[in-house]
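Letter by letter, the chains look like this.
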Amino acid sequence: MKKIEAIIRPEKFQTLRDELSSVGIGGLTITEAAGTGKQKGQTGVFRGNTFQIQLLPKLKVEMVVDDNQVDGIVDIIIDSCRTGNIGDGKIFIHPIEEIIRIRTKERGAEAVL
Amino acid sequence: MKKIEAIIRPEKFQTLRDELSSVGIGGLTITEAAGTGKQKGQTGVFRGNTFQIQLLPKLKVEMVVDDNQVDGIVDIIIDSCRTGNIGDGKIFIHPIEEIIRIRTKERGAEAVL
Amino acid sequence: MKKIEAIIRPEKFQTLRDELSSVGIGGLTITEAAGTGKQKGQTGVFRGNTFQIQLLPKLKVEMVVDDNQVDGIVDIIIDSCRTGNIGDGKIFIHPIEEIIRIRTKERGAEAVL
Ligand SMILES: Nc1ncnc2c1ncn2[C@@H]1O[C@H](COP(=O)(O)OP(=O)(O)OP(=O)(O)O)[C@@H](O)[C@H]1O
Ligand SMILES: Nc1ncnc2c1ncn2[C@@H]1O[C@H](COP(=O)(O)OP(=O)(O)OP(=O)(O)O)[C@@H](O)[C@H]1O
Ligand SMILES: Nc1ncnc2c1ncn2[C@@H]1O[C@H](COP(=O)(O)OP(=O)(O)OP(=O)(O)O)[C@@H](O)[C@H]1O
Ligand SMILES: [Mg+2]
Ligand SMILES: [Mg+2]
Ligand SMILES: [Mg+2]
């Protein structure tokens, strides 16, 4: 199993979710986050004052899936969340050692489905 | 070390925390989250309108622990958070490579205790 | 690649961010969290009532970086976030298998920079 973690523009979530649902992927967790990307330490000037680049609100979407689902879901995330402008976000792939469904105590692939 | 991440019903947190405390487990981090499980893309009809299943509020509980504590804590989570109804949540086990206590710079098991 | 996850005092974030920016580290994600450390199950008495130790608000800071950046960033976090009092926080190091920039589809080190 892997965890796919995507940091996306919040306004892209509904499209992403619909696309995931259409291929049968339902299990996901979202968290409100904020961040900056590679425009690190960039400053701007606004009405004569220098200011540091703001933290932008982002949505963190986490999906634990089988290894063989990863590539397809990464493609769906890119297709759903890409605008071509800076700030479209990042996808991180994490190893997961075990998954357990609390209701049934099922583990592994049984618990993902 | 492992990170145990549990996505639970928020109303079960107090019970879980009390049970963990009673066996001496205190270190944990919580985050407000929302999600859906395997009822993916399910629709309902309410007063004539079709609607998509809602994202439900969940609590994410994260605990970094020694390997030999994992099985016992998983059992405590299941006992504390299971209602038997769908939506009881999931537990994910992640590998952790290092842990550092900021105050003392202790690492590894010393930093967990 | 690694993910450095730091659970810090919220009031230390601006200092941390400035120090990271000064060495060219810009990519990070923050989330509001709460937690307890090793003062597990501690109780206090206030105006005659026993109460359980509160969950304290913390900030979770996540940075995905190249392996060779980890030690330097850990040092910056400790220098920026340490007060010497209990509750300064924890740093967890996680393995990351892949990182993808959504805008360009770049992967690996190219996607971190
Ligand atoms: N290295 C990183 N570690 C953790 N989070 C990151 C990292 N890089 C980016 N993020 C998160 O992803 C969000 C979007 O980043 P962003 O898309 O701007 O990355 P970028 O590398 O600057 O790419 P682009 O050039 O397309 O803007 C940030 O606001 C932050 O929350
Ligand atoms: N594959 C997954 N990846 C990430 N988060 C998930 C996943 N599956 C479930 N979750 C999270 O766990 C929460 C509870 O899921 P839930 O218990 O409904 O899972 P389920 O597989 O549908 O089990 P049940 O049949 O008992 O309802 C969801 O709201 C979501 O936040
Ligand atoms: N084992 C753990 N797993 C997950 N989160 C933890 C763990 N230990 C601490 N945390 C998080 O880190 C925050 C700060 O912890 P804290 O610095 O008090 O740790 P500590 O081990 O008690 O160290 P100190 O003795 O310096 O207080 C907690 O509020 C919690 O959010
Ligand atoms: Mg950017
Ligand atoms: Mg469910
Ligand atoms: Mg403490």
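The structure under discussion appears in the preceding block.
Residues numbered from 1 in each chain as written. Chains lettered and ligands numbered in written order. Predicted model: local features only at pLDDT ≥ 70, side-chain atom pairs only at ≥ 80, totals over all residues. Heavy atoms only, no water.

Novice: What is the right way to look at the overall build of chain A in this model?
Specialist: When helices and strands are counted, chain A shows three helices and seven strands. Ordered by position from the N terminus, the helices and strands of chain A form the series β-α-β-β-β-β-α-β-β-α. The proportion of buried residues among the 113 residues of chain A is 52%. Of the contacts made within chain A by residues no fewer than 6 positions apart, 71% connect residues no fewer than 24 positions apart. For chain A, the exposed area adds up to about 5300 Å²; of that, 48% sits on carbon and sulfur atoms. (Helix = DSSP H or I, 4+ residues; strand = E, 2+ residues; numbered from the N terminus. Buried < 20%, exposed > 50% of the residue type's maximum accessible area, 1.4 Å probe, protein only. Contact = heavy atoms within 4.5 Å. Areas by Shrake-Rupley, 256 points an atom, 1.4 Å probe, with all protein chains shown as cover.)

Novice: Explain the site of ligand 2 to me, please; I cannot follow it from the model alone.
Specialist: The local shell around ligand 2 holds 21 residues, among which R101 and R103 of chain A together with K38, G87 and G89 of chain B are the closest. The local environment of ligand 2 is shared, drawing residues from chains A and B. G87 of chain B is positioned such that a nitrogen or oxygen atom in its backbone is 2.6 Å from an oxygen atom of ligand 2. Contact distances for ligand 2 include 2.7 Å between an oxygen atom and a backbone N or O atom of G89 of chain B. In isolation ligand 2 has 610 Å² of accessible area, and contact with the protein removes 98% of it. (Near = heavy atom within 4 Å. Polar contact = N/O pair within 3.5 Å; in protein donor to acceptor, adjacent residues only side chain to side chain.)

Novice: Is there a simple way to think about the relation of the copies chain C and chain B in this case?
Specialist: Mapping between the two chain copies consists of a rotation about an axis together with a translation along that axis. Take chain C, turn it by 120 degrees, move it 0.0 Å along the axis, and it overlays chain B with an RMSD of 0.0 Å. The relationship between the two copies is best expressed as a three-fold rotation axis. (Least-squares fit on C-alpha atoms with pLDDT ≥ 70 in both.)

Novice: What exactly am I supposed to notice about unusual backbone geometry here?
Specialist: Most peptide bonds take the trans configuration, and most residues that are not glycine carry a negative phi. Residue and element names in this part refer to chain B. Look at K105: it is not a glycine, yet its phi comes out positive at around 65 degrees. With respect to the secondary-structure elements, K105 resides in the loop between β7 (98-101) and α3 (109-112). With a relative accessible area of 52%, K105 lands in the exposed category.

Novice: I tried to follow the pattern of salt bridges on my own but got confused; where do I start?
Specialist: A side chain with one charge can pair with a side chain of the opposite charge if their charged atoms come near. As enumerated under the stated definition, the model contains 24 salt bridges over all chains in all. Of the charged contacts in the structure, one is a salt bridge between R9 of chain A and D88 of chain A, with a shortest N-O distance of 2.8 Å. A residue pair is termed long-range when its members are at least 10 positions apart, and R9 of chain A in the loop between β1 (2-8) and α1 (13-22) and D88 of chain A in the loop between α2 (70-81) and β6 (90-95) qualify at 79 residues. Summarising the burial analysis for this pair, R9 of chain A and D88 of chain A share the class buried. Each member of the salt-bridge network shares a partner with another, and the members are K3 and E62 of chain A together with E5 and K60 of chain B. (Salt bridge = Lys/Arg side-chain N within 4 Å of Asp/Glu carboxyl O.)

Novice: It is not clear to me how the site of ligand 3 should be interpreted in this structure. Could you clarify?
Specialist: The local shell around ligand 3 holds 21 residues, among which R101 and R103 of chain B together with K38, G87 and G89 of chain C are the closest. A distance of 2.9 Å separates a nitrogen atom of ligand 3 from a polar backbone atom of V64 of chain B. Here R103 of chain B contributes a side-chain N or O atom positioned 2.7 Å from an oxygen atom of ligand 3. Within the complex, the protein chains bury 98% of what would otherwise be the 610 Å² of accessible surface of ligand 3.

Novice: Would you take a moment to explain the relation of the copies chain A and chain C for this structure?
Specialist: You can overlay chain A on chain C at an RMSD of 0.0 Å; the transform is a turn of 120 degrees with a shift of 0.0 Å along its axis. With a heterologous cut-off of 20% or less, the 6% of interface residues of chain A that recur at the interface of chain C puts this contact in the heterologous class.

Novice: Is there a simple way to think about helix α2 (residues 70-81) of chain B in this case?
Specialist: Spacing of three or four residues puts side chains on the same side of an α-helix, whose turn is 3.6 residues. When the terminal C-alpha atoms of α2 of chain B are compared, their 16 Å separation across 12 residues agrees well with the 16 Å that a helix rising 1.5 Å per residue should span. For α2 of chain B, every residue scored as buried is listed here: V70, I73, V74, I76, I77, I78, S80 and C81 of chain B. In the core, the buried residues of α2 of chain B are packed alongside β7 (98-101) of chain A together with β1 (2-8), α1 (13-22), β5 (56-65) and β6 (90-95) of chain B. (Expected span 1.5 Å × (residues − 1).)

Novice: Hey, could you run me through a negative patch on the surface in this one?
Specialist: Residue and element names in this part refer to chain A. Where like charges cluster on the molecular surface, the negative patch consists of D18, E19, D71, D75 and D79. Going through the elements one at a time, α1 and α2 are the ones with two or more residues in the negative patch. Mapped onto the fold, D71 is located in helix α2. Taking the relative accessible area as the measure of exposure, D71 reaches 55% and is therefore exposed. (Patch = residues over 30% accessible without salt bridge, like charges linked within 9 Å, V, L, I, M, F, W, Y side chains within 5 Å. Lys, Arg positive; Asp, Glu negative; His and termini not counted. Charge placed at Lys NZ, Arg CZ, Asp CG, Glu CD.)

Novice: In this structure, what is going on with the packing of helix α1 (residues 13-22) of chain C against helix α2 (residues 70-81) of chain C? I would like to understand it.
Specialist: When two helices pack together, their arrangement is given by the angle between the helix axes and by the axis-to-axis distance. All names here are of chain C. Between α1 and α2, the least distance of the axes is 9 Å, while the angle of their chain directions is 145 degrees. Crossing of α1 over α2 shows right-handed handedness. For the pair α1 and α2, the contacting residues are T15, L16, E19 and L20 in the first and I73, I76, I77, S80 and C81 in the second. (Axes fitted to C-alpha atoms, helices over the stretch in contact; angles between N-to-C directions. Left-handed = near helix turned anticlockwise from the far one by under 90°.)

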